[in-house]
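A look at the structure
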Amino acid sequence: MEGGDATRARRATVRLCSICNQRKAALKRPKTLEQICRECFYVVFEDEIHRTIVDNHLFKPGERVAIGASGGKDSTVLAYVLSELNRRHNYGLDLFLLSVDEGITGYRDDSLETVKRNEIQYGLPLKIVSYKTLYGWTMDEIVKAIGLKNNCTFCGVFRRQALDRGAAVMKADKLVTGHNADDMAETILLNILRGDIARLGRCTLITTGEDGPIPRCKPFKYTYEKEIIYTYAYFKKLDYFSTECIYSPNAYRGFAREFIKDLERIRPRAILDIIRSGENFRISSSTKMPEQGTCERCGYISSQKLCKACVLLDGLNRGLPKQGIGRTKGLNKSKDEENKNSSFHSKPCGTLDI
Amino acid sequence: MHLTLEFGGGLELLCKSVKIHEVDVDTKSGEDKLTMKDLLSWIQANVIKERPEMFMKGDSVRPGVLVLVNDCDWELSGNLDTTLEEKDVVVFISTLHGG
Ligand SMILES: [Zn+2]
Ligand SMILES: [Zn+2]
Ligand SMILES: [Zn+2]
């Protein structure tokens, strides 16, 4: 795919990189509108992520860090960049790839293959945890028990906790995920649209769950998706694929996504500006916030006595699989039920809970 | 005009899961020039087999689709006005899928 031969030079629009002034520009950076060459791009791309890591004190030397690896573009590029920076700047981290196998026949085969290639390419050990280990049920078994109609409730709730639970099983100190600037802008917007003030306050944090067992952080918080894709396109030969739930795409999030992309086309800085706005929201002290506690059964953060996963599991194990879907009854009826149910219903499957 | 088209990031699903297409595109009579605008409508008519709305929006690609012409971001060469030449390689990568 090299475009450097003589005929290409005829192209009237060849421009030089604004950093080195020597090579042909290959990318317009959405963040700065600079036109830069591929070589200079990699330098600034990795350097910015290093700065984000250092300025936000994301890691301490000696920490064992799980990289949530789905086989998709974001986590693949994250694994590559982190292993590179760890070496180059002596972070002293014990990095490993962590993948979740939901136990959906045929569904994870390709993505686990991709993650296995990453294991070899970046020399990072790979740990795969299954739903069977984490929950005692595979997704196929859950679908069998409850039917196709309600299974997305399980998808969303179980998937959201799976990485955290897996990281705990693997004795990690920290979990990093590949959520990028576009994802974050989208989540901020969705939380505004839903009036979910508690999540709006939390979702812009680069590290969450610091008081819980496994803090989670997002080194790509300020990294544009366009640049992740551009990076990915070159070292993966474009072989990634969708990791969305096979049963049901999330329409509401899809619209928010497209809106963000439309904004980006008109004014690329919009993405960073939405993040800045999100970061600078101040929640008035009179706003009633749900209490943050931990689940009595599993210790995962929960504003209820039992977390959503444990409520759903309890139902499955007692042969009442509809428990926890729709109105919560019995187990958790005490605290702000109204509030809980509305956000519960509006969180569809496979959402990025950041 | 002979071109190589590559589809990635899920866009290949719109064209029978074929990622790389070697194509010959006719230029308008009397011209030896082809712009990206021309190419997009040609692709729409000849390559995309399903859900065209996943590829195009209005007269351009859907926002969030990265377009590279000979490894180079098409935003640097004028987007729709980019002029194509014989044997160019055009890559389309969707970002609207999971990460
Ligand atoms: Zn340069
Ligand atoms: Zn689902
Ligand atoms: Zn629990």
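Parameters and conventions
- Residues numbered from 1 in each chain as written.
- Chains lettered and ligands numbered in written order.
- Predicted model: local features only at pLDDT ≥ 70, side-chain atom pairs only at ≥ 80, totals over all residues.
- Heavy atoms only, no water.
- Helix = DSSP H or I, 4+ residues; strand = E, 2+ residues; numbered from the N terminus.
- Rg over C-alpha atoms; globule rule 2.2 N^0.38 Å.
- Lys, Arg positive; Asp, Glu negative; His and termini not counted.
- Charge placed at Lys NZ, Arg CZ, Asp CG, Glu CD.
- Pairing = 2+ DSSP bridges.
- Axes fitted to C-alpha atoms, helices over the stretch in contact; angles between N-to-C directions.
- Parallel < 35°, antiparallel > 145°, perpendicular 65-115°, else oblique.
- Contact = heavy atoms within 4.5 Å.
- Nonpolar A, V, L, I, M, F, W, Y, C, P; charged D, E, K, R; others polar.
- Donors = N, O, S within 2.8 Å, 3.2 Å for Na, K, Ca; no water.
- Tetrahedral: all angles 85-135°; square planar, octahedral: opposite > 155°, others 65-115°.
- Buried < 20%, exposed > 50% of the residue type's maximum accessible area, 1.4 Å probe, protein only.
- Arc of directions from axis to C-beta.
- Domains from an automatic or database assignment.
- Buried area = accessible area lost by both parts, 1.4 Å probe.
- Salt bridge = Lys/Arg side-chain N within 4 Å of Asp/Glu carboxyl O.
- Polar contact = N/O pair within 3.5 Å; in protein donor to acceptor, adjacent residues only side chain to side chain.

Moving on to the overall build of chain B. Check the secondary structure of chain B and you find 1 helix and 9 strands. Rg of the C-alpha trace for chain B: 13 Å, near the compact-globule value of 13 Å for 99 residues, within the 12% margin. Seen through its principal axes, chain B has C-alpha atoms that stretch 45 × 25 × 25 Å. In chain B, 10 positive and 18 negative side-chain charges are present, and the distance between their average locations comes to 8 Å.

Where strands meet in a sheet, backbone hydrogen bonds hold them as pairs that are either parallel or antiparallel. Residues and elements named next belong to chain B. Spatial ordering of the open sheet is given by β2-β1-β9-β6-β7, a layout of 5 strands whose pairing is mixed. The strands lining the two open edges of the sheet, one partner per strand, are β2 (20-24) and β7 (72-73). Pairing analysis gives 5 bridges linking strand β1 (residues 2-8) to β2, with the strands arranged antiparallel. By the bridge assignment, His2 is partnered in β2 with Asp24.

All names here are of chain A. Their axes nearest at 11 Å, the elements helix α2 (residues 38-55) and helix α3 (residues 73-88) cross at an angle of 75°. The angle between α2 and α3 places the two elements in the roughly perpendicular class. On α3, the residues touching Phe45, Glu46, Ile49, His50 and Ile53 of α2 are Val77, Tyr80, Val81, Leu82, Glu84, Leu85 and Arg88. Partitioned by chemical class, the residues of the contact of α2 with α3 number 8 nonpolar, 1 polar and 3 charged.

Residue and element names in this part refer to chain A. Looking at the metal site, the zinc ion (ligand 1) is ligated by Cys17 (SG), Cys20 (SG), Cys37 (SG) and Cys40 (SG), spaced 2.3 to 2.4 Å from it. Classification of the site at the zinc ion (ligand 1) rests on its 4 donor atoms, whose angles at the metal span 101 to 114°, yielding the label tetrahedral. Within one chain, the residues serving as donors to the zinc ion (ligand 1) are arranged as C-x2-C-x16-C-x2-C. By relative accessible area, Cys17 is classed as buried at 0%. Owing to a relative accessible area of 22%, Cys20 belongs among the partly exposed residues under this scheme.

This part covers helix α1 (residues 36-46) of chain B. Given 3.6 residues per helical turn, the α-helix brings residues three or four places apart onto the same face. Buried within α1(B) we find Met36(B), Leu39(B), Leu40(B) and Ile43(B). Seen end-on, α1(B) carries its buried residues on one side only, within an arc spanning 100°.

Residue and element names in this part refer to chain A. Assigned domains of chain A: these are domain 1 (41-280) and domain 2 (293-331). Taken residue by residue, the interface counts 16 residues in domain 1 and 14 residues in domain 2. Summing both sides of the interface, domain 1 and domain 2 together bury roughly 1,400 Å²; the carbon and sulfur share of this comes to 72%. Looking at the side of domain 1 facing domain 2, the largest losses of area belong to Trp137, Phe154 and Gln161, adding up to 32% of the total buried there. At the junction of domain 1 and domain 2, the tally comes to 0 salt bridges. Our count for the domain 1 to domain 2 interface comes out at 1 residue pair in polar contact (both at pLDDT 80 or more). The element best represented in the side of domain 1 that touches domain 2 is helix α7 (residues 151-169), accounting for 8 residues. Of the residues belonging to the side of domain 1 that touches domain 2, the class tally is 9 nonpolar, 3 polar and 4 charged.

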